[in-house]
Amino acid sequence: MDRRKALMSIALAAAAASGARAGENGSADEAVAMVKKTIAFMKANGDEKAFAEVSNPKGQFVDRDLYVFIALIGGNTMAHGANPRMIGKRMVELKDRDGKYFIREFENVVETKGSGWVDYKWPHPVSKEIVQKSTYVEKFGKYLVGCGIYK
């Protein structure tokens, strides 16, 4: 299996693992709040405890179809609330259905603006249909912290 197919396979598994139920999507405000809550947790408890808690699928950073991820800017995924197989992986080559390198855009947003939203197309965790997704990302030190919503 080539690298692109492997990355897409991981991503689809992450979408399926989030366990959302139809009609119960998280909102943009909830996604932003989840990122802010994650950063506060990191400040209070340190990186390693935050990575463990974010990566806990039954923890406080997973809610319906919302889940947090943390990545080193320019580096690997450190924590992922929907799919532990993404941890330790550099996802910069991952593209959406239209060929958009959305991880690169996440990094660009946090490096140029500090925070913001990135739109791309991604499989919905329940329907498996390719839908519009928006992810809020925020810079925290050397990390990018994000949480996305399905539209």
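Let me sum up the structure you'll find in this document. Please read all numbers here as calculations on a predicted model, not as lab measurements.

Tallying each qualifying case throughout the model produces 9 aromatic pairs. Centre to centre, the rings of F102 and Y120 are 4.1 Å apart; their planes meet at 0 degrees, and the pair counts as stacked. Placement of the pair is F102 in helix α4 (residues 102-112) and Y120 in strand β4 (residues 115-123), with a sequence separation of 18 residues. For Y120, a relative accessible area of 5% puts it in the buried group. An angle of 70 degrees between the planes, with centres 6.1 Å apart, marks the rings of Y120 and W122 as edge-to-face. Each member of the pair, Y120 as well as W122, is classed as buried. Positioned over the ring face of F61 is K37, at 5.6 Å from the centre of the ring. Over the ring of Y101 we find R104; its NZ or CZ atom is 3.7 Å from the centre of that ring.

What follows is about the environment of T38. You can see T38 is positioned in helix α2 (residues 28-45). Residues T38 and F140, 102 residues apart in the sequence, show an inter-C-alpha distance of 10.0 Å. In this structure T38 touches V54, F61, V68, I70 and V145, once residues within four positions along its chain are discounted.

Cut-offs and rules
Residues numbered from 1 in each chain as written. Predicted model: local features only at pLDDT ≥ 70, side-chain atom pairs only at ≥ 80, totals over all residues. Heavy atoms only, no water. Phe/Tyr/Trp six-rings, centres within 6.5 Å; stacked < 30°, edge-to-face > 60°. Helix = DSSP H or I, 4+ residues; strand = E, 2+ residues; numbered from the N terminus. Buried < 20%, exposed > 50% of the residue type's maximum accessible area, 1.4 Å probe, protein only. Lys NZ or Arg CZ within 6 Å of the ring centre and 35° of its normal. Contact = heavy atoms within 4.5 Å.

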